[in-house]
Amino acid sequence: MNKELEGRVALVTGAPRGIGYQLAKELAARGAHVIAVGRTVGALEELDDEIQAAGGQATLVPLDITDYDALDRLGAAIFERWKKLDILVGNAAQFGTLSPLGHIGIKDFDKVLSTAVTANWRLIRSLDPLLRQSDAPRVVFMTTSHVRDCTPFWGLQSVSKAGLEALARTYAHEMQNSPLRVNLFDPGPVRTGFRAKAMPGEDASKLPHPSEVVADILKLLSPALTETGMLYERETGAFRAF
């Protein structure tokens, strides 16, 4: 396996399952030390077992991404151990519900927005000083086409990801003259638990496995990347400007 990420430190949220799980494994296989963040301890331990079996290294951080004080402590802990962070992938998400806007529960709305927007802002706030210590820091946040389509009944996803896109693009523009590169990644339909909740009648066997989208995400994490403040669509295999 190519070890082009040897010596780099990568943090992945939503690491216990789906795309986050597969990405964490691949980053570790390529030499990065992976900080795997997620709520499910058992799944994180399974991930760690797989990473270690393949000769990689990981640090498990079991926490709810909306525990903002814990995110501050996480930044401090990374500084104490590594003094830097090279890669941040904001992959954690809450599905909420598919519903007309007027029928969405207040708790559902707050939880989805807190996970997609506030938690990722708190990550930036906590980790920005560490990213600035890297020679080629890379940040990727996950988004969806529902932002642009404003699909009926997908309002929670549209609104929350629209906020996330604005957050990511602003961060990219603020850091334009630095080595930091910030981009958004739209995986399209993927065979995940998240997708199964949204589309329970769909034939999941026809969708790509999470492991199949990892190669495209890795393009956005390469030290050679020059693009920033853009959207990468896996289905077209190309960047698009906003």
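- Per an unreviewed UniProt entry, the chain goes by the name SDR family NAD(P)-dependent oxidoreductase and belongs to Roseibium litorale.
- For the chain, the Sequence similarities (unreviewed entry) comment in UniProt is given as "Belongs to the short-chain dehydrogenases/reductases (SDR) family."

**Here's the deal with empty space enclosed by the protein**
Alright, step 1. Enumeration over the complete set of coordinates arrives at one cavity of 30 Å³ or more.
Alright, step 2. There is about 30 Å³ of room inside the largest cavity.
Alright, step 3. Among the secondary structure elements, those contributing two or more residues to the lining of the largest cavity are helix 4 (106–131) and helix 6 (155–174).
Alright, step 4. The class makeup of the residues in the lining of the largest cavity is three nonpolar, four polar and one charged.

**So, the environment of R234**
Alright, step 1. Along the chain, R234 turns up in the loop between strand 7 (231–233) and strand 8 (238–240).
Alright, step 2. For R234, a relative accessible area of 18% puts it in the buried group.
Alright, step 3. Residues R234 and R125, spaced 109 residues apart in sequence, show a C-alpha to C-alpha distance of 28 Å.
Alright, step 4. Excluding residues that lie within four positions of it along the chain, R234 makes contacts with F185, D186, P187, G188, P189, P208, V213 and D216.
Alright, step 5. Only 2.5 Å separates the side chain of R234 from the backbone oxygen of P187, close enough to count as a polar contact.

What counts as what
- Residues numbered from 1 in each chain as written.
- Predicted model: local features only at pLDDT ≥ 70, side-chain atom pairs only at ≥ 80, totals over all residues.
- Heavy atoms only, no water.
- UniProt positions renumbered as here; feature names shortened; annotations may be inferred.
- 1 Å grid on protein atoms, 1.4 Å probe; cavity = no way out; pocket = protein on both sides within 12 Å on 5 of 7 lines; lining within 4 Å.
- Points joined across faces, edges and corners; volume = space filled by probe spheres on them.
- Helix = DSSP H or I, 4+ residues; strand = E, 2+ residues; numbered from the N terminus.
- Nonpolar A, V, L, I, M, F, W, Y, C, P; charged D, E, K, R; others polar.
- Buried < 20%, exposed > 50% of the residue type's maximum accessible area, 1.4 Å probe, protein only.
- Contact = heavy atoms within 4.5 Å.
- Polar contact = N/O pair within 3.5 Å; in protein donor to acceptor, adjacent residues only side chain to side chain.

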